[in-house]
Amino acid sequence: MERWEVKERRVLIAVGIVLISLCVWLVMDGKRAFLAILLTPIVFWIFWQAFFEDKLGSNEPVSRAERLMHGTLLWGRRLVIGGIALVLAAMAFKLALDGTGLTAVLLPAVLSLFAGWVSIFGAGRAKSMSDDLQIHRERQKRYRKP
């Protein structure tokens, strides 16, 4: 591992620990427990990035913890972002039925398509959609049960 990767991992772990502490404090407060629920996926993603994201493309065997985290991340992403995509599609459909202008209908429709794409295939390493499908296939290959 390169030096910057070691530093990145340490920072992610430190941030994850701080966020877990914040979640515990919010739950103990009682009135703000809902904020802890909202922070949970962020904490989960931080630890995924810290421990397992760089293993994609390696020959290292998949651990049970890695497979469990990947499955949880995959289905959580599909449910949350897929739900957002459905809400946006319903909004576009409602706006179209109401006879709203084309630009007002296209915005939620296009955002719905992007959210649907990310919910199914995830995001790749590039900031465009060019490698999403390739990375999705690599993850499928790595995490498929033997």
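Residues numbered from 1 in each chain as written. Predicted model: local features only at pLDDT ≥ 70, side-chain atom pairs only at ≥ 80, totals over all residues. Heavy atoms only, no water.

Draft legend 1. Expanded view of the side chain of Ser112. Counting through the fold element by element, Ser112 comes out in helix H4 (residues 102–121). According to the relative accessible area criterion, Ser112 is buried, its value standing at 11%. When sequence neighbours within four positions are dropped, the list of residues in contact with Ser112 reads Ala85, Leu88 and Ala89. (Helix = DSSP H or I, 4+ residues; strand = E, 2+ residues; numbered from the N terminus. Buried < 20%, exposed > 50% of the residue type's maximum accessible area, 1.4 Å probe, protein only. Contact = heavy atoms within 4.5 Å.)

Draft legend 2. Focus on the side chain of Asp131. Along the chain, the position of Asp131 falls in the loop between H4 and helix H5 (132–143). Residue classification places Asp131 among the buried positions, given a relative accessible area of 12%. If we skip the residues at most four places from it in the chain, Asp131 touches Gly124, Arg125 and Ala126.

Draft legend 3. Structural view of helix H3 (residues 64–97). Here H3 contains 34 residues, and its C-alpha end-to-end distance of 48 Å stays within 8% of the 50 Å for a straight helix at 1.5 Å per residue. Restricting attention to buried positions, one finds in H3 the residues Glu66, Met69, His70, Leu74, Arg77, Gly82, Ala85, Leu88 and Ala92. Looking at the buried side of H3, the elements it contacts are helix H2 (33–51), H4 and H5. Phi for Gly99, located one or two positions after H3, is positive at around 80 degrees. (Expected span 1.5 Å × (residues − 1).)

Draft legend 4. Local environment of the packing of aromatic side chains. Throughout the structure, instances matching the rule amount to five aromatic pairs. Seen in terms of ring centroids, Phe51 and Phe52 are 6.3 Å apart; in terms of plane orientation they differ by 55 degrees. Their pairing is tilted. Residue Phe51 is classed as partly exposed on the basis of its relative accessible area of 34%. Over the face of the ring belonging to Trp75 we find Arg78, whose NZ or CZ atom lies 4.9 Å from the ring centre. (Phe/Tyr/Trp six-rings, centres within 6.5 Å; stacked < 30°, edge-to-face > 60°. Lys NZ or Arg CZ within 6 Å of the ring centre and 35° of its normal.)

Draft legend 5. Quick peek at the pattern of salt bridges. This model, assessed by the stated rule, comprises three salt bridges. In this structure, Arg142 and Glu66 form a salt bridge, with 3.2 Å as the shortest nitrogen-oxygen distance. Placement of Arg142 in helix H5 and of Glu66 in helix H3 is noted, with a sequence separation of 76 residues between them. Assigned by exposure class, Arg142 and Glu66 land together as buried. We note a salt bridge from Lys94 to Asp98, for which the minimum N-O separation is 2.9 Å. Taking the relative accessible area as the measure of exposure, Asp98 reaches 49% and is therefore partly exposed. (Salt bridge = Lys/Arg side-chain N within 4 Å of Asp/Glu carboxyl O.)

Draft legend 6. View of the packing of helix H1 (residues 3–29) against H2. H2 packs onto H1 with a crossing angle of 160 degrees between their chain directions and a minimal axis gap of 9 Å. Between H1 and H2, the angle falls in the class roughly antiparallel. Between H1 and H2 lies a crossing whose hand is left-handed. Along the contact surface, H1 presents Arg9, Leu12, Ile13, Val15, Gly16, Ile17, Leu19, Ile20, Leu22, Cys23, Leu26 and Val27, while H2 presents Ala33, Leu35, Ala36, Leu39, Ile42, Val43, Ile46, Phe47, Gln49, Ala50 and Phe51. (Axes fitted to C-alpha atoms, helices over the stretch in contact; angles between N-to-C directions. Parallel < 35°, antiparallel > 145°, perpendicular 65-115°, else oblique. Left-handed = near helix turned anticlockwise from the far one by under 90°.)

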